[in-house]
Amino acid sequence: MKWLRSDSYSIPTVLAIGLHVAIVVAGFVAIDFSDNEIPKPKRPPIVNATVVDISQTIIGKRESDEKAAKQQAAALAEKKKKEAEQARKKETQRKALEEKQKQLAQAKQAKEKAEAEKQEAERKKKAAEQKRIAQEAESKRLAQEQADKKRLAEKEASEKKKQELARKAEADRLAEEERKRQEEAAKLAEKKKAEEAAAKAAAEEAMQRAADEAQMVQSISGLINDRVTAAWILPPSARNNMKAQLRIYFLPNGEVMNAQITKSSGDALFDQRAVDAVYKVRKIEELSKVDSYVFERNFRQVDLIFNPQDLRN
């Protein structure tokens, strides 16, 4: 019967419904819904009762057996229910564990896959970054190499230009020095030529001047000698070949400042008469017209050899 199956809930359901109905009926019987005052309880009659154990009766035993059978069946059903529930829970737990393990495995696989993808992405990113860095480094190297070549070329061009400018400047300097040297040589030659011409002219002029001066000195010296001789008074003791050397000092205007014998003739009177003759002349006007340089050199003092002729033997 379905009612007695261990996995059936019929008996417990019926018992539960009957218990609830009994409680409801007892409640209706016990509760008084009238509005009268609650009567005072009457003094219960004293009853002499004898306790009878119903379980010892046939009906009691039968009810007890039925109750025990029901309880056993209910316990067995409850046990089977619990076992089934436990089995179901274990199955559910097993399935949940398997599902969880599956999910964990899937999550692990997903995580490993994600980690692998991440690592691969990182590797690719790192490789790309390294490639980019290498390309940038290569680009920088090439750019630096180009810049170095350009700078070297510019430096070489600059050095070459400087050398060209230096050579040109040196050539210009040498040319300028040569030009200046030639100019200087020409100037020196011209100057030398002019100096030679001037020296020649000066020499000629000096020679002419010296000749003129010598002639003038000779002329004036002869003039002085003639005038002194003309003023000289012949002493009685004078003889031929007698001569005295006089030194006469003149002023720039031609006046006689002093006269003295530097070498005697041997005759004192002869010498004195010669000195007197100088003082008698007093002044030679021609000397005032002589250049001062010529005067200072030739006529500031004049050494005169006084040697009159035509004396007695």
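Residues numbered from 1 in each chain as written. Predicted model: local features only at pLDDT ≥ 70, side-chain atom pairs only at ≥ 80, totals over all residues. Heavy atoms only, no water.

## With respect to the sheet that holds strand E3 (residues 301-306)
Part 1 of the argument: Here we have 3 strands laid out as an open sheet, ordered E2-E1-E3, and antiparallel in their pairing. Looking at strand neighbours, the two that pair on one side only are strand E2 (256-263) and E3, the edges of this open sheet. Between one strand and the next, the sheet's axes are offset by a mean angle of 25°, whatever the strand orientation.
Part 2 of the argument: Seen against the sheet, helix H2 (residues 58-231) touches strand E1 (244-250) and E3 and runs at an angle of roughly 55° to E3.
Part 3 of the argument: Set on the sheet, helix H3 (residues 268-281) makes contact with E1, E2 and E3; between it and E2 the angle comes to about 160°. (Pairing = 2+ DSSP bridges. Helix = DSSP H or I, 4+ residues; strand = E, 2+ residues; numbered from the N terminus. Axes fitted to C-alpha atoms, helices over the stretch in contact; angles between N-to-C directions. Contact = heavy atoms within 4.5 Å.)

## Quick look at H2
Part 1 of the argument: The set of residues buried in H2 consists of Gly60, Ala77, Glu213, Val217, Ile220, Ile224, Val228 and Ala231.
Part 2 of the argument: Looking at the packing, one finds that the buried side of H2 touches E1, H3, helix H4 (292-298) and E3. (Buried < 20%, exposed > 50% of the residue type's maximum accessible area, 1.4 Å probe, protein only.)

## Looking at the environment of Ala214
Part 1 of the argument: You can see Ala214 is positioned in helix H2.
Part 2 of the argument: Judged by relative accessible area, which is 43%, Ala214 ranks as partly exposed.
Part 3 of the argument: Each C-alpha atom of the pair Ala214 and Asn298 lies 9.4 Å from the other, and the pair is 84 residues apart in sequence.

## A look at unusual backbone geometry
Apart from glycine, the bulk of residues carry a negative phi angle, and the bulk of peptide bonds sit in the trans form.
Part 1 of the argument: In this structure, Asn241 is a non-glycine residue whose phi angle is positive, near 70°.
Part 2 of the argument: Asn241 sits in the exposed class, given a relative accessible area of 71%.
Part 3 of the argument: Even without a glycine there, the phi angle at Arg282 is positive, about 70°.
Part 4 of the argument: Relative to the elements of secondary structure, Arg282 occurs in the loop between H3 and H4.

## So, the pattern of salt bridges
Pairing is possible between side chains that carry opposite charge, provided their charged atoms lie close to one another.
Part 1 of the argument: Under the counting rule described, the total for this entry stands at 23 salt bridges.
Part 2 of the argument: For the salt bridge of Glu136 with Arg132, the shortest nitrogen-to-oxygen distance reads 2.3 Å. Here Arg132 and Glu136 lie together in helix H2, a separation of 4 residues that amounts to about one turn.
Part 3 of the argument: Through salt bridges with shared partners, a single ionic network connects Glu138, Arg141, Glu145 and Lys149. (Salt bridge = Lys/Arg side-chain N within 4 Å of Asp/Glu carboxyl O.)

## Quick notes on the pairing of E2
Part 1 of the argument: Relative to E2, E1 is paired through 6 bridges, and the arrangement is antiparallel. Bridge pairing in E2 places Gln245 opposite Lys263.
Part 2 of the argument: What sits between the antiparallel neighbours E1 and E2 is a turn of 5 residues, in which Gly254 has the positive phi angle 100°.

## Considerations on the nonpolar core
Part 1 of the argument: With 29 residues, the main nonpolar core has Ile224, Val228, Ile248, Phe250 and Phe299 as its most contacted residues.
Part 2 of the argument: For this core, the secondary structure elements donating two or more residues are H2, E1, E2, H3, H4 and E3.
Part 3 of the argument: Tallying contributions element by element places H3 first for this core, with 6 residues.
Part 4 of the argument: With residues near it in sequence (within four places) discarded, Val228 still touches Ala274, Ala277, Val278, Val281, Leu304 and Phe306. (Core = buried A, V, L, I, M, F, W, Y, C linked by side-chain atoms within 4.5 Å.)

## What to know about the packing of aromatic side chains
Part 1 of the argument: Counted according to the given criterion, the structure contains 3 aromatic pairs.
Part 2 of the argument: An aromatic cluster of at least three residues, connected via ring pairs, comprises Trp232, Phe270 and Phe306. (Phe/Tyr/Trp six-rings, centres within 6.5 Å; stacked < 30°, edge-to-face > 60°.)

## A few points about H3
Given 3.6 residues per turn, any residue in an α-helix points the same way as the ones three and four places further on.
Part 1 of the argument: Between its first and last C-alpha, H3 extends 20 Å over 14 residues, near the 20 Å set by a 1.5 Å rise per residue.
Part 2 of the argument: Among the residues of H3, those classed as buried are Phe270, Asp271, Ala274, Val275, Ala277, Val278 and Val281. With its buried residues spanning 155° around the axis, H3 presents them on a single face.
Part 3 of the argument: Looking at the buried side of H3, the elements it contacts are H2, E1, E2 and E3.
Part 4 of the argument: A side-chain oxygen of the first residue of H3 lies 3.0 Å from the backbone nitrogen of Leu269; this N-cap is Asp267. (Expected span 1.5 Å × (residues − 1). Arc of directions from axis to C-beta. Polar contact = N/O pair within 3.5 Å; in protein donor to acceptor, adjacent residues only side chain to side chain.)

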